[in-house]
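Overview (structure and organization)
The chain contents come next:
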Amino acid sequence: MISQLLFIVLMVVGFGFFIFNISKIRKNISLGKPLDRSDNKFQRIKTTLLVALGQKKMFQRIVPALLHLFIYVAFLFTSTELIEIIADGISGSHRFFMNKLGWIYVLLISTIEVLSVLAFVSTLYFLARRNLLQVPRFKMSEMTGWPKLDGNIILYLEIVLLVCVFTMNGADEALFLQGKSHIAGSGSFGFLISSFTAPYFFSYFDVETLIFLERMGWWGHILVVFGFLNYLPYSKHFHIVMAFPNTYYSNLNNKGAFNNLSSVKEEVLKMFDPSFDPYATPLEGEASVPDRFGAKDVEDLTWKSLMDAYTCTECGRCTSACPASQTGKLLSPRKIIMDTRDRLEEVGANKRNNGPDFKDNKSLLGDYISEEEIWACTSCNACVQECPVSIDPLSIIIDLRRYLVMEESKVPSELTGMLTNIENNGAPWQFAQSDRNNWVDE
Amino acid sequence: MSNEMNKIRVPTVAEMIANNERPDILFWVGCSGSFDDRAKKISKAIVKILNYCNIKFAILGAEESCTGDPAKRAGNEFAFMMQAIQNIELLKGYEIQKIVTGCPHCFNTLKNEYPELGADFEVVHHTQLINQLIREGRLLLKGGGKFDGKKITFHDPCYLGRANDVYEAPREVLEKLDAELVEMKRSKAKGLCCGAGGAQMFKDAEKGNKEINIERTEDAIEVNADYIATGCPFCNTMMTDGIKHFEKEEKVKVLDIAELISNAADL
């Protein structure tokens, strides 16, 4: 009875705190500028199924893709087991679905066990990749400190979870063989892995120890699950949630199409309109001062860019494909996204603690991302192409450039000439427009 | 310079209209194609192909102006918008229905960024048009040219490939030559940028340990290519500079697909 109460309290707190954190993140994302992605629902669902659920883009690199798939599928199946844990936890029953499902139950738990073994091996390999092997994209400057620890914490939690699963099932199997399990009857459960491991690892313990181990595994399992759930919103691992909305809302247009700024279009159209009176009072509903051009801080970015920031799991495929990064420039698309998230968390916390109008005199551009980084970009779209969860670092880079150029007139000196030429003679070089077809007769 | 035999015919839209004619297709030459000495040769190769196939085309000539691509990539939306609105006005005035460009940057901007501002025309890249002409049997390559035993590799321009998912048209064209088409280790969607996009063409690179075009040229040298085929005047410049850096000008030639085809067809 006490353990049932304890479980229910734990569950309510576990889910409650998770929902609380999710709503904070939702609020932070909605700080972004509007962007319409309500079109093409069918195409969007298809993209989500292929890219998020089907992990299509992961399979560009086959070894990590397979290992990641094992952990992912094990996670999905283990989540179904969670339903039973919750049913048992609340009702005080043991293996709630076993007798109801019969052989399907045996198949399901066996599948979970096999996947758990695969996930265990994968997790060990991933730990080695992060800490022992020299994978360049895990060794970059943005991957020290918290991001490195974060990546490892997730993997350690997985190890603990899997050890709990096998302890629980192994001890229970040993108990059931003696007819001492919490469920009526005796024999073997017939689970593929634990019916094999129980005689080796658990037959030496007495009944009391086995019951303790089984309970430890069960509570350990559910504690890690609730802990994991509430760790997610603070971690890069939040991608397991965000991958779905982020691919759904991803850009479906050609990647080369940059958005046109309607505020700029209006200004330019006014310049071409001879009847426009610059001194006239603005019409009702018309903003007298146009929006800031481009982005200086996270609130100037679209909500999709902010969603991107929460979706990133810091795998670094973007950065390893980036031509600037590969040739030693300061730019790392992954860092652009990580900076955006860090700054957004900061802005969100400021607003919650000090009111919605609080300014801390810091900004994404300058305090987090430097001009040198954004000018190193060739806009080649390799980072966008590589991202397995449809993050678009390029649109943030371009929005930051727009702010620098249009609001602060900060342009690398060679580009000033190029821009002046376009404005004066319609070409990036200083050639007269009237000479444009001289090539024909040369 | 050129003798009467292979003199190219390049009417402007204004001239055509004065003769009560309309072009079926507008050749958007682009700033590189108009002013850059190397890229002018590419423009001529494209024109030779258009002339040979008796395509009723025209250029804007002195009325053409930058699409605004480099301004937009550099963050100056004002300069871009000024160019775009004026260009669209001009193109609409001439009732242009279809455009072929010699540059993937012009191609991308005209195709993807102009429609929202009021443009309504079809845009193709010259490699797509050439591919279509070959498929329709209007452009015949006599025996596949002079490339027997040679290796050609295609460097995907970012604004043709990743930006617009055009990977096959240039390759289909190159396969018609009697050369071996070899792929670099990074190609198609994984192709490495030449380093010139995003307005980098007009500025020095940021501090690093290598130039991007050197990194990319190494890919081409690694597959022992005799020809690096390009579809972009910027890529052409960057790869040519890369080959010069390795002093391999004798061994490796950097040519646009239009030039390779116009050579192969003896135009």
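Residues numbered from 1 in each chain as written. Chains lettered and ligands numbered in written order. Predicted model: local features only at pLDDT ≥ 70, side-chain atom pairs only at ≥ 80, totals over all residues.

**So, the overall build of chain A**
A count of helices and strands for chain A gives 19 helices and 0 strands. For chain A, the spread of C-alpha atoms along the three principal axes comes to 95 × 55 × 40 Å. Scored against the burial criterion, the 442 residues of chain A give a buried share of 39%. Residue pairs at least 24 apart in sequence account for 78% of intrachain contacts in chain A once pairs closer than 6 positions are excluded. (Helix = DSSP H or I, 4+ residues; strand = E, 2+ residues; numbered from the N terminus. Buried ≥ 20, exposed ≤ 12 C-beta atoms within 10 Å, placed from the backbone. Contact = placed C-beta atoms within 7 Å.)

**A few points about the overall build of chain B**
Looking only at helices and strands, chain B has 11 helices and 8 strands in total. Since a compact globule built from 267 residues should have a radius of gyration of about 18 Å, the 18 Å found for chain B is in line with a globular shape. Dimensions of chain B along its principal axes, counting C-alpha atoms only, are 50 × 45 × 35 Å. (Rg over C-alpha atoms; globule rule 2.2 N^0.38 Å.)

**Considering helix H11 (residues 303-311) of chain A**
All names here are of chain A. Most of H11 sits inside the fold, with 8 of its 9 residues counted as buried. Among the residues of H11, those classed as buried are Lys304, Ser305, Leu306, Met307, Asp308, Ala309, Tyr310 and Thr311. In the core, the buried residues of H11 are packed alongside helix H1 (2-29), helix H9 (239-248), helix H14 (333-354) and helix H18 (393-408).

**A closer look at the interface of chain A and chain B**
Taken together, the contacts link 57 residues of chain A with 59 residues of chain B. Counting residues per element, the ones that place at least two in the side of chain A that touches chain B are helix H10 (262-272), helix H13 (323-326), helix H16 (371-375), helix H17 (382-386), H18 and helix H19 (413-425) of chain A. Looking at side-chain class alone, the side of chain A that touches chain B contains 31 nonpolar, 16 polar and 10 charged residues. (Nonpolar A, V, L, I, M, F, W, Y, C, P; charged D, E, K, R; others polar.)

**Digging into the sheet that holds strand S8 (residues 253-256) of chain B**
Residue and element names in this part refer to chain B. Taken in spatial order, the 4 strands line up as S6-S5-S7-S8 in an open sheet, and their pairing is parallel. Two strands bound the open sheet, and with one partner strand each, they are strand S6 (180-182) and S8. Sheet twist, expressed as the mean angle between neighbouring strand axes with direction ignored, is 35 degrees. One ladder, built from 4 bridges, connects strand S7 (residues 227-230) with S8; its direction is parallel. From the neighbouring strand, Ala229 faces S8, where its bridge partner is Leu255. Across the face of the sheet, helix H8 (residues 168-175) comes into contact with strand S5 (151-154), S6 and S7 while running at roughly 170 degrees to S5. (Pairing = 2+ DSSP bridges. Axes fitted to C-alpha atoms, helices over the stretch in contact; angles between N-to-C directions.)

**Things to note about the sheet that holds strand S2 (residues 57-58) of chain B**
The strands that make up a sheet pair up through hydrogen bonds in the backbone, lying either parallel or antiparallel. Residue and element names in this part refer to chain B. In space, the 4 strands of this open sheet follow the order S2-S1-S3-S4, with parallel pairing throughout. On the outer flanks of this sheet lie S2 and strand S4 (122-125), each paired with one strand and no other. Summarising the sheet, strand S3 (residues 98-101) and S4 pair through 4 bridges and their orientation is parallel. By the bridge assignment, Val100 is partnered in S4 with Val124.

**Section: the pairing of S7 of chain B**
Residues and elements named next belong to chain B. A two-sided burial pattern is seen for S7, the buried positions comprising Tyr227 and Ala229 on one face and Ile228 and Thr230 on the other. For S5 and S7, the ladder comprises 3 bridges, and the chain directions are parallel. Opposite Phe154, over in S7, you have Ala229 as the bridge partner. For the segment spanning S7, helix H10 (residues 233-245) and S8, crossover handedness is right-handed. (Right-handed = clockwise from strand over helix to strand, strands pointing away.)

**Details of the packing of helix H7 (residues 126-135) of chain B against H8 of chain B**
All names here are of chain B. In contact at an axis separation of 8 Å, H7 and H8 are set at 50 degrees when each is read in the N-to-C sense. Comparing their axes, H8 and H7 come out oblique. In the crossing of H7 with H8, the sense of the turn from one axis to the other is left-handed. Only Ala169, Pro170, Glu172 and Val173 of H8 make contact with H7, whose side of the interface consists of Thr127, Gln128, Ile130, Asn131 and Ile134. (Parallel < 35°, antiparallel > 145°, perpendicular 65-115°, else oblique. Left-handed = near helix turned anticlockwise from the far one by under 90°.)

**Thoughts on the domain arrangement of chain B**
Residues and elements named next belong to chain B. Entries for chain B in the domain assignment read domain 1 (13-132) and domain 2 (142-264). One C-alpha centre belongs to domain 1, the other to domain 2, and the line joining them spans 23 Å. Of the residues lining the interface, 25 residues belong to domain 1; the matching set on domain 2 comes to 25 residues. Contributing elements (two or more residues each) for the side of domain 1 that touches domain 2: helix H2 (30-35), helix H3 (37-52), helix H4 (69-73), helix H6 (104-113) and H7. (Domains from an automatic or database assignment.)

**What to know about unusual backbone geometry**
The backbone phi angle of Ser379 of chain A is positive, close to 55 degrees, even though this residue is not glycine. Secondary-structure assignment places Ser379 of chain A in the loop between H16 and H17. The class for Ser379 of chain A is buried, based on 26 C-beta atoms found within 10 Å. One non-glycine residue, Asn20 of chain B, adopts positive backbone phi at about 60 degrees.

**Things to note about the domain arrangement of chain A**
All names here are of chain A. By domain assignment, chain A separates into domain 1 (31-39 + 251-277 + 291-413) and domain 2 (61-248). Its C-alpha centre places domain 1 at a distance of 39 Å from the equivalent point of domain 2. Between domain 1 and domain 2, the contact holds 17 residues from the first and 15 residues from the second. Put simply, the parts of the chain that give the side of domain 1 that touches domain 2 at least two residues each are H11, helix H12 (317-321) and H14. The residue makeup of the side of domain 1 that touches domain 2, split by class, is 6 nonpolar, 7 polar and 4 charged.

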